[in-house]
Amino acid sequence: MNEKIYLDNAATTPLDPRVRETMFEIYKSHWGNPSGVHRFSKTMAGLLEEAREQFAGFLGCKPGEIVFTGSATESNNTVLKGIARTLQYKGNHIIISRIEHPSVAKTAGFLQKNGFDVTTLKADRQGHIDLQELKSQIRKETILVSIIFANNEIGTVQPLKEIAKICHQSGVLFHTDAVQAFGKRKIKVKELGVDLLTATAHKIYGPVGSALLYCNSGINFEPLLHGGGQEDGKRASTENIAAISGFARAADIYEQERDEENARYEKWKKEIIRTLDGKIPDMLVNGDVQKGLHNIISLSFKGADSQLLMMQLDRMGFAVSSGSACSSGSVKPSGILQACGIPDSFIRGTLRISPGRFNKDEEIEKFVRILPDIVEKVRKLS
Amino acid sequence: MSLTYICHYSEIGLKGKNRSVFEKQLMHNIKRALRANGCDPLPHLRILDKRVLASFHQPAQSDLIEKSLSDVFGLVHFAQVRQVDNDLEAIKEACLAELEPLSFDSFAIRTKRANKRFAYTSNDVNVFLGAAVVEKMNKKVNLSAPDITCFVEVLDHHSFVYARKIPGAGGLPVGTSGKIMALLSGGFDSPVAAYFALKRGATCEFIHFHSFPYTNKKSQEKVKELALQLNRYQFNAKLHLVPFAETQEDIVLNCPDSLRVVLYRRFMMRLAEKLARKNKARALLTGESLGQVASQTLANMGVVEAVTSLPVLRPLVGLDKNEIIAKAREIGTYDISVRPHDDACTRFMPKHPVIHARLYEVEKAEQALDIEAMVERDFRNIETLEL
């Protein structure tokens, strides 16, 4: 019980000490509003532009195409609401999928209530959208397609290049929420052909409260936040330089260590699935195991209450999350797993295990060792 | 100008040797009610022939006084009175002055003559005053269903005349029936149950079980407001907040899901009893009403109650939900209870709660738990607020 093993890195990651060092240096030595003219401001503006250039390098775009925001939720809201409002004269149709994060799905729902027409694409068993369906749903009123890069519950990665191609053939803008994929996948926006992309720091060992929006230079939209005209008028607010620099440092680490880290995740994923598959009956592995993100492992245990599994694991020191959320007193089964056609009896017993940079082999081994007994015990109680 | 109120109590008049204890408590409670409502200075109180006489020597607002007195358990009714000498003419003047500002067609005079040395019988006084009112005000006497009744009480040294009798809260003075540990949930029922106990003269300490961090702090704030609302009947209650999430986890993780609710309640009873014994409360009280929900069957009540040897009072057993709601509105707890809050996160709620639990089954399920250690742990973590 004294041991604490964190396997919930898809929810948020701990701060990498190297990122912390970068941020701490700035907090210690630098301050000033980057919009000012004196030397304090100039230093901060320099740090800001340095970070912007770094991201331009990572993403293969121009520095001016990076907009720093306060959260991925803010980036997604900015895109959906901003594009909807700005391109309203062209049409009122938006396409998303059934496997979007709530910050896209609920924002689309808000637009729907305000006169926009929203089409929600279905997903297959592994969580892929159907490109034929996408093609057939695009019409002349369509102004935006927003499809998640890698799903946060099951890790399935969508064929972005193909989606972008279909969108551009019809002159429709394509946005992707790349929160889970950013870092773990090498992303070059021009090669992929995405017009807008959301990424955040706190899923890649950077600070909470720092995110970005890549926005192709040809695109203009009404900002979500009006004010001092920062970020080229696309996002007013004094920039949080320490957090932005920390974000850049976190992304930079991934540039160096991506392959090595992914190899570790892949090994753990295989080990977890292989070991449990024989030991736990009535278990489903969700998502695209071969080609999805290796740090997200979604397992469903028929007839086991995931709330109890999490509680029991927490008592043993393991932090994981479930395929459902207990919000305002009601446990709702995951809409994403429902979209994949997973039966409710399995969805209610779903765990998302997301190992991270600081886990050790022994921790994964221990987890795999104790899980079968816990599942068996919880099944008896459920 | 001074104001005088006569406050009548009935039942405590019957309590024989203990009467002075009850009277003292009643006067104490009247003062506390007045003080709590901001009445200053407090009146002089004295017992006069099975009545409490309250004399306000400073100008005081009658609204404030009447609001205070109507919350005091033990009073059957009370009235602002005109105090005169034991003289028939003076009584007549007071009677006419009392009736003059009131609008009515028919009336009656009812005299009580506690002072038997007074030269006139009650009936004499009734007839004399009745004639005067008929003559002066041109109103009709109606003894069976008068619009208004003017009361005359002739005591040893003074007489009191009043026509506006205000009903009191009834019951017995709080503090004369011992102490109760009342389980308070935040819903509609438990505050009403506590009200009934207070009404019968008990003092209440309140105990609330919360599932923080599974639920937010709102339920605790709500319960605090409910306890404060009830506190106007007793003024210095304690509210004990018991962190219950760990015990719920223990139960959820070790016992069959259908028995959860019954098991939670058994632990609540154990903790409430332990605290009751420590704080010298002699009974537990719940807002259960027979058959209202699945856990409130006789079988389940029996299984829950089996863990305590203190009496478990359930004053709502005979009430329907709409009667409980009506009472809650009347005592001002409805508006607090109605606000939404996470009661216990549904992750702790079973899909199919047992309706007729059997004691041996429940006791067998509890063998998986270290009952003593759990109770000790929760007991240590109780947080007590003085209201």
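Residues numbered from 1 in each chain as written. Chains lettered and ligands numbered in written order. Predicted model: local features only at pLDDT ≥ 70, side-chain atom pairs only at ≥ 80, totals over all residues. Heavy atoms only, no water.

Before going further, it helps to examine the environment of B:K165. Residues and elements named next belong to chain B. Checked against the element boundaries, K165 lands in the loop between β8 (158-162) and β9 (166-167). In this structure K165 comes out as partly exposed when scored by relative accessible area, which is 35%. Distance from K165 to A79, taken between C-alpha atoms, is 4.9 Å for residues 86 residues apart in sequence. Residues contacting K165, with those up to four places away along its chain left out, are H77, F78, A79 and F151. (Helix = DSSP H or I, 4+ residues; strand = E, 2+ residues; numbered from the N terminus. Buried < 20%, exposed > 50% of the residue type's maximum accessible area, 1.4 Å probe, protein only. Contact = heavy atoms within 4.5 Å.)

On to the domain arrangement of chain B, then. All names here are of chain B. Each assigned domain of chain B is listed with its residue range as follows: domain 1 (3-167) and domain 2 (179-386). Computed from C-alpha atoms alone, the centre-to-centre distance between domain 1 and domain 2 is 43 Å. Taken together, the seven residues of domain 1 in the interface contact nine residues of domain 2. The partner of D71 in a salt bridge is R232, and the shortest N-O contact between them spans 3.1 Å. (Domains from an automatic or database assignment. Salt bridge = Lys/Arg side-chain N within 4 Å of Asp/Glu carboxyl O.)

Residues and elements named next belong to chain B. Applying the stated criterion across every chain, the model contains 21 aromatic pairs over all chains. With a centroid separation of 6.4 Å and 70 degrees between ring planes, the pair formed by F104 and F107 is classed as edge-to-face. Overall, the relative accessible area of 5% leaves F104 in the buried class. When the centroid spacing of 5.4 Å and the interplanar angle of 70 degrees are considered together, the rings of Y195 and Y233 count as edge-to-face. Remark: Y233 occurs in the loop between α6 (218-230) and β12 (238-243) and Y195 occurs in helix α5 (residues 189-199); sequence separation between them is 38 residues. (Phe/Tyr/Trp six-rings, centres within 6.5 Å; stacked < 30°, edge-to-face > 60°.)

Moving on, we come to empty space enclosed by the protein. Residue and element names in this part refer to chain A. Going through the model one piece at a time under the given rule, you end up with five cavities of 30 Å³ or more. The computed volume of the largest cavity comes to approximately 50 Å³. Listing elements by their share of the lining of the largest cavity, those giving two or more residues are α2 (39-59) and α8 (241-279). Ranked by the residues each element gives to the lining of the largest cavity, the list is headed by α8, at four residues. Tallied by class, the residues present in the lining of the largest cavity amount to six nonpolar, one polar and three charged. (1 Å grid on protein atoms, 1.4 Å probe; cavity = no way out; pocket = protein on both sides within 12 Å on 5 of 7 lines; lining within 4 Å. Points joined across faces, edges and corners; volume = space filled by probe spheres on them. Nonpolar A, V, L, I, M, F, W, Y, C, P; charged D, E, K, R; others polar.)

Bringing the pattern of salt bridges into the picture now. Overall, the coordinates contain 42 salt bridges over all chains when judged by the stated rule. Its salt-bridge partner being B:R117, residue B:D156 comes within 3.7 Å of it at the nearest N-O pair. You can see B:D156 sitting in the loop between β7 (148-154) and β8 and its partner B:R117 sitting in the loop between β5 (106-113) and α4 (122-137), a full 39 residues away along the chain. The class for B:D156 is partly exposed, based on a relative accessible area of 44%. Measuring nitrogen to oxygen at the nearest pair gives 3.0 Å for the salt bridge that ties B:E205 to B:K179. With a gap of 26 residues between them, B:E205 in strand β11 (residues 203-210) and B:K179 in strand β10 (residues 179-183) connect regions that are remote in the sequence. Among the residues examined, B:K179 registers a relative accessible area of 25% and is labelled partly exposed. Three or more residues are tied together by salt bridges with common partners; here these are A:R315, B:E246, B:E249, B:D250, B:R377 and B:D378.

A separate point is the UniProt feature "domain: THUMP" (unreviewed entry) in chain B. UniProt's feature table lists "domain: THUMP" (unreviewed entry) at residues 63-165 of chain B, given in the numbering used throughout. Regarding residues 63-165 of chain B, the helix share stands at 34% and the strand share at 30%, and the terminal C-alpha atoms are separated by 14 Å. (UniProt positions renumbered as here; feature names shortened; annotations may be inferred.)

To continue, consider unusual backbone geometry. Residues and elements named next belong to chain B. Of the consecutive residues D40 and P41, the connecting peptide bond is found in the cis state with omega at 0 degrees. In this structure, P213 follows F212 across a cis peptide bond, with omega equal to 5 degrees. Looking at the element boundaries, P213 is found in the loop between β11 and α6. A positive phi angle, close to 65 degrees, is found at K50, a residue other than glycine. For K50, the position within the fold is in the loop between β2 (44-47) and β3 (51-56). Non-glycine residue K280 carries a positive phi angle of around 60 degrees. With respect to the element layout, K280 can be found in the loop between α8 (260-278) and β13 (283-285). With relative accessibility at 66%, the residue K280 sits in the exposed group.

Residues and elements named next belong to chain A. Here we have seven strands laid out as an open sheet, ordered β2-β8-β7-β6-β5-β3-β4, and mixed in their pairing. Each edge of the sheet is formed by a strand with only one pairing partner; in this case those strands are β2 (66-69) and β4 (117-121). Here the strands of the sheet are splayed against their neighbours by 20 degrees on average, with no regard to which way each runs. Examined bridge by bridge, strand β7 (residues 196-200) and strand β8 (residues 211-215) share five bridges and lie antiparallel to one another. Across the sheet, residue L197 finds its bridge partner in β8, namely Y214. Docked against the sheet, helix α4 (residues 102-113) engages β3 (93-97), β4, β5 (142-146) and β6 (173-177), running at close to 150 degrees with respect to β3. (Pairing = 2+ DSSP bridges. Axes fitted to C-alpha atoms, helices over the stretch in contact; angles between N-to-C directions.)

Here we take up the domain arrangement of chain A. Residues and elements named next belong to chain A. As assigned here, chain A comprises domain 1 (5-13 + 258-381) and domain 2 (17-253). A straight line from the C-alpha centre of domain 1 to that of domain 2 covers 28 Å. Counting residues at the interface gives 34 residues for domain 1 and 32 residues for domain 2. When domain 1 packs against domain 2, close to 2700 Å² is buried across both sides, 49% of that on carbon and sulfur atoms. Our count for the domain 1 to domain 2 interface comes out at zero salt bridges. For the interface between domain 1 and domain 2, the tally reads 18 residue pairs in polar contact (both at pLDDT 80 or more). Secondary structure elements with two or more residues in the side of domain 1 that touches domain 2: α8, β9 (283-286) and α10 (335-339). The biggest single contributor to the side of domain 1 that touches domain 2 is α10, with five residues. Its residues assigned to classes, the side of domain 1 that touches domain 2 comprises 13 nonpolar, 15 polar and six charged. (Buried area = accessible area lost by both parts, 1.4 Å probe. Polar contact = N/O pair within 3.5 Å; in protein donor to acceptor, adjacent residues only side chain to side chain.)

This next bit is on the sheet that holds strand β15 (residues 350-353) of chain A. Strand-to-strand pairing in sheets goes through backbone hydrogen bonds, with the strands running parallel or antiparallel. All names here are of chain A. Pairing is antiparallel in the open sheet, where four strands are placed in the order β9-β10-β15-β12. Because the sheet does not close on itself, it has two edges, and the strands there are β9 and β12 (321-322). Sheet topology note: the β12/β15 ladder contains two bridges and is antiparallel. Its bridge partner lying in β15, S321 is registered against R352. Sitting on the sheet, α8 touches β9, β10 (297-301) and β15, and the angle it makes with β10 is about 15 degrees. Contacts between helix α9 (residues 306-315) and the sheet are confined to β10, β12 and β15, with β15 contributing the most and set at about 45 degrees to the helix.

Given 3.6 residues per helical turn, the α-helix brings residues three or four places apart onto the same face. Residue and element names in this part refer to chain B. Counted at 1.5 Å a residue, the expected span for α8 with its 19 residues is 27 Å, and the 27 Å between its end C-alpha atoms agrees. Of all 19 residues in α8, 16 are buried, a share of seventy percent or more. Note on α8: the residue one or two positions beyond its end, K280, has a positive phi of about 60 degrees. (Expected span 1.5 Å × (residues − 1).)

Residues and elements named next belong to chain B. Pairing geometry for β11 and β12, over five bridges, is parallel. For F209, the partnering residue across the bridge sits in β12 and is V242. With α6 bridging β11 and its parallel neighbour β12, the resulting β-α-β unit is right-handed. Here β12 runs beside strand β15 (residues 383-386); their pairing, made up of four bridges, is antiparallel. Note that in β15 the partner of L241 across the bridge is E383. (Right-handed = clockwise from strand over helix to strand, strands pointing away.)

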